[in-house]
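Each chain, letter by letter, is given below.
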Amino acid sequence: AQKVTQAQTEISVVEKEDVTLDCVYETRDTTYYLFWYKQPPSGELVFLIRRNSFDEQNEISGRYSWNFQKSTSSFNFTITASQVVDSAVYFCALSELRRGYQKVTFGIGTKLQVIP
Amino acid sequence: GAGVSQSPSNKVTEKGKDVELRCDPISGHTALYWYRQSLGQGLEFLIYFQGNSAPDKSGLPSDRFSAERTGGSVSTLTIQRTQQEDSAVYLCASNVGAEQYFGPGTRLTVT
């Protein structure tokens with residue numbers, strides 16, 4: 001089983017639609033971090049959010065929101081009123097403490113295309 | 001600059017040649033990571049440095065791959081006798097806490 005599963009490989013939406021990107025993770029640790037990164041066509045990974053395992057509060061930042069549910073080991077990402085600039089590959093990642101450092105495992109990414 | 005930098009941005013090499021990829025982490029970041037991203041794939045962990053030592057090399061795919069870090073700063077990833085399957089984007093990241101800051105990557109093409 002994969003540690004981080006992003007089941008949606010590609011999603012296409014029309015501009016202004018809402019879209020949710022799914023992420024399911026697997027860990028035996030009680031303390032860990034979860035991340036979302038955006039990789040636009042330019043290629044550079046852009047940090048979006050970090051969430052630690054003890055903080056299950058949902059977070060909203062502008063049009064972005066994240067839903068963290070430990071009970072289902074999910075950390076889903078919703079973009080409201082999508083825009084063309086949101087087109088990118090989005091990676092979910094899990095960070096676990098291993099050998100004294102944070103080892104990060106990435107999902108394979110979800111490619112989002114927002115059509116004007 | 002304030003971010004992680006990598007050079008070269010693009011590298012085209014012939015099969016069998018050696019290549020060196022460079023990473024300049026953010027000043028003061030003690031941890032440094034190398035990842036590989038093949039076309040349409042996620043990020044594959046290669047190696048982790050804490051200071052100049054590499055406590056986790058478990059992701060290096062073969063003995064043709066090696067990396068070093070000097071002065072707790074710049075790191076070099078070396079691929080010897082390159083193969084076509086080595087073609088990918090090689091990403092470097094650094095951090096001091098849980099969040100990693102990524103460089104722009106080096107796109108390696110082996111012909």
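Up top is the structure these notes are about.
Residues numbered from 1 in each chain as written. Chains lettered and ligands numbered in written order. Predicted model: local features only at pLDDT ≥ 70, side-chain atom pairs only at ≥ 80, totals over all residues. Heavy atoms only, no water.

Undergrad: Even after reading the chapter, I still don't get the pattern of salt bridges, so can you show me in this structure?
TA: Pairing between side chains becomes possible if they bear opposite charge and their charged atoms approach one another. All names here are of chain A. Applying the stated rule across the entire model yields 11 salt bridges over all chains. One salt bridge in this structure joins Glu59 and Arg51, with 3.0 Å as the shortest N-O distance. Owing to a relative accessible area of 30%, Glu59 belongs among the partly exposed residues under this scheme. Taking the relative accessible area as the measure of exposure, Arg51 reaches 6% and is therefore buried. For Asp86, the salt bridge identified is with Arg63, shortest N-O distance 2.8 Å. With Asp86 in the loop between strand 9 (74-79) and strand 10 (88-98) and Arg63 in the loop between strand 7 (59-61) and strand 8 (64-69), this pair connects stretches of sequence that are 23 residues apart. On the basis of relative accessible area, Asp86 is assigned to the buried category, the value being 1%. Residue classification places Arg63 among the partly exposed positions, given a relative accessible area of 25%. Counted as one network, the salt bridges with shared partners bring together Lys3, Asp29, Glu96 and Arg98. (Salt bridge = Lys/Arg side-chain N within 4 Å of Asp/Glu carboxyl O. Buried < 20%, exposed > 50% of the residue type's maximum accessible area, 1.4 Å probe, protein only. Helix = DSSP H or I, 4+ residues; strand = E, 2+ residues; numbered from the N terminus.)

Undergrad: Before we go on, may I ask you to explain the nonpolar core in this structure?
TA: General note: in soluble globular proteins, nonpolar side chains tend to be found buried as a group. Residue and element names in this part refer to chain A. Within the largest apolar cluster, 24 residues are counted, with the highest numbers of intra-cluster contacts made by Trp36, Trp66, Phe77, Tyr90 and Leu112. Elements supplying a minimum of two residues to this core: strand 2 (10-14), strand 3 (19-21), strand 5 (33-39), strand 6 (46-52), strand 8, strand 9, strand 10 and strand 12 (110-115). The greatest single-element share of this core, amounting to 4 residues, is contributed by strand 10. Among all residues touching Tyr90, those that are not within four sequence positions of it are Gln6, Leu21, Trp36, Tyr37, Lys38, Leu48, Tyr64, Phe77, Ile79, Gly109, Thr110 and Leu112. (Core = buried A, V, L, I, M, F, W, Y, C linked by side-chain atoms within 4.5 Å. Contact = heavy atoms within 4.5 Å.)

Undergrad: I keep staring at the packing of aromatic side chains and nothing clicks. Help me out?
TA: What describes a pair of aromatic rings is the distance from one ring centre to the other and the angle between the planes of the rings. According to the stated counting rule, one finds 20 aromatic pairs over all chains in the structure shown. Members of the aromatic cluster, joined through ring pairs, are Phe35, Tyr37, Phe47, Phe91 and Phe106 of chain A together with Tyr33, Tyr35, Phe45, Tyr48 and Phe102 of chain B. (Phe/Tyr/Trp six-rings, centres within 6.5 Å; stacked < 30°, edge-to-face > 60°.)

Undergrad: Mind showing me how you'd approach the state of the cysteines here?
TA: Throughout this description, disulfide means a covalent bond between two cysteine sulfur atoms. Taken as a whole and assessed by the stated rule, the structure comprises 2 disulfides over all chains. Residue Cys23 of chain A pairs covalently with Cys92 of chain A via a disulfide, S to S 1.9 Å. Between Cys23 of chain A and Cys92 of chain A, the disulfide has an S-S torsion of -70 degrees and is therefore left-handed. Here Cys23 of chain A, found in the loop between strand 3 and strand 4 (24-25), pairs with Cys92 of chain A, found in strand 10; they are 69 residues apart in sequence, far enough to count as distant. Accessibility classification places Cys23 of chain A together with Cys92 of chain A in one group, the buried group. Two residues share a disulfide in this structure: Cys23 of chain B and Cys92 of chain B, whose sulfurs sit 1.8 Å from each other. Disulfide Cys23 of chain B-Cys92 of chain B: the torsion about the S-S bond is -65 degrees, which places it as left-handed. Note that Cys23 of chain B is positioned in strand 3 (residues 19-24) and Cys92 of chain B in strand 9 (residues 88-95), a separation of 69 residues in sequence. Taken as a pair, Cys23 of chain B and Cys92 of chain B share a single burial class, namely buried. (Disulfide = S-S within 2.5 Å.)

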